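If you want the building blocks of each chain, they are given just below.
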Amino acid sequence: MKNKKIIIDPITRIEGHLRIEVEVDENNVVQEAWASGQLFRGIEMILKDRDPRDAGLLAGRICGVCTSSHFRGAVTSVEDAYKIAVPKNAEIIRDLMAMALFIQDHVVHFYHLHALDYVDVTSALEADPKRTSKEAHKYHPKPFRNSHSHYEETLKKLDNFIKSGKLGPFSNGYWGHEAYKLSPEQNLIMLSHYLEALKFQTKISKAVAIFGGKTPHPQSIVVGGVTSVADMLNPQRLNDYLFIIKDAQEFIERAYLPDAKLLAIAYRDEIKAGVGRANGNFMSVGGYEFEGERRLFCNGVIYNHDFENIEDFDASKIIEEVDRAWYDGDTAEQEIKYTDLNKDGSLKTVKNDDKYSWIKAPRYNGSTMETGPLARVLISYTKKNPLIMSFVDEFLEATNLELLDLSSSVGRNVARAIESSYICEYIFKLVSRLLQNIKYYDTQTWTKYDFSRVKTEVEGKAFLEVPRGTLAHLIKIKDAKIKNYSVIAPTTWNATPKNFDSKRGAYEEALIGLKIQDLTKPLEVLKVIHSFDPCLACAVHVIEVKGKEFSRYKITPLLM
């Protein structure tokens, strides 16, 4: 029997436009997969010939979620090019903004972008509030907002949604699907926290805005430091930040982590079967100074789940190819070469040289890599980073899991929850360091630099760990103008297309061997892909509402 091809386009509940195609056999088991970024990524072209001091403001617009990450990456690459030493206070403030973003991003991903792959909304309507309260105590001694009246109120909200016919985020779900395994009471617990997390994300966003001026697209990071010195010296502003983080920590400890435990226990069979496991290649560049040489995250590279042999990260081993991406050429300025779809609407993927994605193909030492919270947790734990050891041990013991089990779709969610928990602890230490500096009259937040004096060509780079994984910003500057710019985002690594070497990226590899119960409702595919928290917003179209022409690009159709 001929294999069937299933197309999911677009993948919703993500940032940007992603298309997934899978080929299944007669038993509905995935034999091959293709992940395709469906919007052109043109931000690097916009940055050319700009003043390098503007790089952060423009690069921050790559995404509406990862704004401060790209902002910082761009500014740090310029500072590296000019060898500008950034004051310690500025680094701390940048870290405080980054850590708040980590927490915000992880919580929003789990509840609002991914939870509905595991939580059956209609099943929750059958829950008994008293039994729900008892169930919640299995995962934490003091569950978040765990009262009969609260669950009764949540049930009323859900019932009103359904009766009104306006389900909003709960519409078009595959409710009743065999892949849902939670009991009605477990579903109600998760949906209760789903609604509470809506309030959570508005509060935690304010923490970024305290030092960033606003969010998204903060304005306070500049080449040489930060401009939020008044906020740093204002005790009330620091107190406001800490108050928000304390509230966030309570939600994480009493709702998020317990829900991750609930999920890990309920989906234990899938975890042990390795559902959603990719090829076992993980990468982290580490970072975020804690005490002396100690870092919040360790750097390292793991191949094929070999936790006993971790290599140190080496940026020189990274290359970025375009064999099967919609570009032509081997230079930094590839010509766009888009190929149309097949007549049946599928991607052109029959031949090994067919192009099928706007996403370029980064490789580390010739291998595809998975990057993100799972990679950071596995690498930091295996390298015995004392900052994370106890958090991982406690979770694995509570759920009776092994470290390898985290390499799965559910495990990626577990890694985010663990990361959120120990980041909260790190934040309080950072604020203490900042207060200590101020106490001893160190209030510097910016290093002045004369950009006009440098006439030679310089190069800079920034490698950062951000919520979704490893981010790289690479810049060349000549005569105080950006000559060339390149960004390799976390999703570029995870969603990489195949090259002529036919090596699958993490998205594609994680789908191989997956059994789909109902081809008309491919919930299993969504669970795997959503576990990576895709962010395709790097593929950005540029428009000017008044019709002004920015630039012209040549598109060469490839006739098949």
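Above this text is the structure in question.
Residues numbered from 1 in each chain as written. Predicted model: local features only at pLDDT ≥ 70, side-chain atom pairs only at ≥ 80, totals over all residues. Heavy atoms only, no water.

## What about the overall build of the chain?
Tallying secondary structure elements over the chain gives 17 helices and 14 strands in all. Relative to the compact-globule value of 24 Å for 560 residues, the chain shows a C-alpha radius of gyration of 24 Å, a close match. Based on the C-alpha atoms only, the size of the chain along its principal axes is roughly 70 × 65 × 55 Å. A fraction of 76% describes how many contacts in the chain between residues 6 or more apart in sequence connect residues 24 or more apart. With an accessible surface of roughly 23600 Å², the chain has 50% of that area assigned to carbon and sulfur atoms. Seen as two clouds, the 74 positive and the 76 negative side-chain charges of the chain have centres 4 Å apart. (Helix = DSSP H or I, 4+ residues; strand = E, 2+ residues; numbered from the N terminus. Rg over C-alpha atoms; globule rule 2.2 N^0.38 Å. Contact = heavy atoms within 4.5 Å. Areas by Shrake-Rupley, 256 points an atom, 1.4 Å probe, with all protein chains shown as cover. Lys, Arg positive; Asp, Glu negative; His and termini not counted. Charge placed at Lys NZ, Arg CZ, Asp CG, Glu CD.)

## Details of the packing of helix α6 (residues 129-136) against helix α8 (residues 184-212)
The N-to-C vectors of α6 and α8 enclose an angle of 75 degrees; their axes lie 9 Å apart at closest approach. As judged from the angle between their axes, α6 and α8 are roughly perpendicular. The residues of α8 that touch α6, namely those facing Arg-131, Thr-132, Glu-135 and Ala-136, are Glu-185, Gln-186, Leu-188 and Ile-189. (Axes fitted to C-alpha atoms, helices over the stretch in contact; angles between N-to-C directions. Parallel < 35°, antiparallel > 145°, perpendicular 65-115°, else oblique.)

## Things to note about the packing of aromatic side chains
The full count for this structure, using the stated rule, is 25 aromatic pairs. Put simply, the rings of Phe-110, Tyr-111, Phe-144, Phe-200, Phe-251 and Tyr-256 touch in pairs and so form one group of aromatic residues. In this structure, Lys-5 is placed above the aromatic ring of Trp-34, and the distance from its NZ or CZ to the ring centre is 4.3 Å. (Phe/Tyr/Trp six-rings, centres within 6.5 Å; stacked < 30°, edge-to-face > 60°. Lys NZ or Arg CZ within 6 Å of the ring centre and 35° of its normal.)

## Some words on the pattern of salt bridges
Throughout the structure, instances matching the rule amount to 35 salt bridges. Between Lys-272 and Asp-405 there is a salt bridge, and its shortest N-O distance comes to 2.7 Å. Here the residue Lys-272 occupies a position in helix α11 (residues 268-272), and Asp-405 occupies one in the loop between α13 (389-399) and α14 (409-439), the gap between them amounting to 133 residues. Overall, Lys-272 belongs to the partly exposed group, its relative accessible area being 38%. The class of Asp-405 is buried, set by a relative accessible area of 6%. Taking the shortest distance from any N to any O, the salt bridge between Glu-465 and Arg-376 comes out at 2.8 Å. Taken together, the positions of Glu-465 in strand β12 (residues 458-466) and Arg-376 in helix α12 (residues 373-382) put the pair 89 residues apart, joining distant regions of the chain. Judged by its relative accessible area of 1%, Glu-465 falls in the buried class. Put simply, Glu-32, Lys-498, Arg-504, Glu-508 and Glu-509 are held in one network by salt bridges that share partners. (Salt bridge = Lys/Arg side-chain N within 4 Å of Asp/Glu carboxyl O. Buried < 20%, exposed > 50% of the residue type's maximum accessible area, 1.4 Å probe, protein only.)

## Description of the sheet that holds strand β2 (residues 18-24)
Taken together, three strands build an open sheet; the order of strands is β1-β2-β3 and the sheet is antiparallel. A single partner strand is all that each edge strand has here, and the edge strands are β1 (4-8) and β3 (30-37). On average, each strand axis in the sheet is inclined to that of its neighbour by 15 degrees, with strand direction left out of account. Two elements, β1 and β2, share five bridges in a ladder whose sense is antiparallel. (Pairing = 2+ DSSP bridges.)

## Let's talk about the sheet that holds strand β14 (residues 481-488)
With antiparallel pairing, the three strands of this open sheet are ordered in space as β12-β13-β14. Strands at the two margins of the open sheet, each flanked by one partner only, are β12 and β14. Neighbour-to-neighbour, the strand axes of this sheet turn through a mean angle of 15 degrees, independent of strand direction. Pairing geometry for strand β13 (residues 469-478) and β14, over seven bridges, is antiparallel. Bridge assignment links Ala-472 to a residue of β14, and that residue is Ile-488.

## Quick notes on the packing of helix α7 (residues 148-164) against α8
Think of two packed helices as two axes; the pair is described by the angle between the axes and how far apart they sit. Interhelical geometry of α7 versus α8 gives an angle of 80 degrees and a closest axis separation of 10 Å. With respect to their mutual orientation, α7 and α8 come out roughly perpendicular. Judged by residue contacts, His-150, Tyr-151, Thr-154, Leu-155, Lys-157 and Leu-158 of α7 engage Leu-188, Ile-189, Leu-191, Ser-192, Leu-195 and Glu-196 from α8. Residue composition of the contact of α7 with α8, grouped by class: seven nonpolar, three polar and two charged. (Nonpolar A, V, L, I, M, F, W, Y, C, P; charged D, E, K, R; others polar.)

## Side note on unusual backbone geometry
The amide bond that connects Asp-9 to the next residue, Pro-10, takes the cis arrangement and shows omega of 5 degrees. When you line up the elements, Pro-10 lands in the loop between β1 and β2. Residues Thr-215 and Pro-216 are joined by a peptide bond in cis, for which omega reads 0 degrees. Among the secondary structure elements, Pro-216 is positioned in the loop between α8 and β4 (221-222). The phi dihedral of Lys-384 is positive, around 60 degrees, even though this residue is not glycine. Relative to the helices and strands, Lys-384 resides in the loop between α12 and α13.

## A closer look at α6
Among the residues of α6, those classed as buried are Pro-129, Thr-132, Ser-133, Glu-135 and Ala-136. Mapping the buried residues of α6 onto a view down its axis gives an arc of 160 degrees, with all of them on the same face. In α6, the exposed residues that point more than 90 degrees away from the buried face are Lys-130, Arg-131 and Lys-134. Check the buried side of α6 and you find it contacts α7 and α8. (Arc of directions from axis to C-beta.)

## Comments concerning a nonpolar patch on the surface
A surface patch of nonpolar side chains, amounting to about 200 Å² of accessible area, comprises Leu-125, Phe-161 and Ile-162. Turning to its location among the elements, Ile-162 is positioned in helix α7. Given the relative accessible area of 33%, Ile-162 is considered partly exposed. (Patch = residues over 30% accessible without salt bridge, like charges linked within 9 Å, V, L, I, M, F, W, Y side chains within 5 Å.)

## Side note on helix α3 (residues 67-82)
Its 16 residues give α3 an end-to-end C-alpha distance of 23 Å, which sits within 8% of 22 Å, the value for a rise of 1.5 Å per residue. Burial runs high along α3: 15 of the 16 residues are buried. At the exit of α3 stands Lys-83, carrying a positive phi of roughly 55 degrees. (Expected span 1.5 Å × (residues − 1).)

## Brief notes about the nonpolar core
In terms of nonpolar packing, the biggest core is built from 129 residues, with Met-99 and Tyr-241 touching the most fellow members. With 15 residues, helix α10 (residues 235-266) is the largest single contributor of residues to this core. Contact partners of Tyr-241, with chain neighbours within four places excluded, come to Leu-96, Ala-100, Ala-207, Ile-210, Phe-211, Ile-427 and Val-431. Ranked by size, the runner-up nonpolar core spans 27 residues in total, among them Ile-8, Ile-14, Ile-20 and Ile-359. (Core = buried A, V, L, I, M, F, W, Y, C linked by side-chain atoms within 4.5 Å.)

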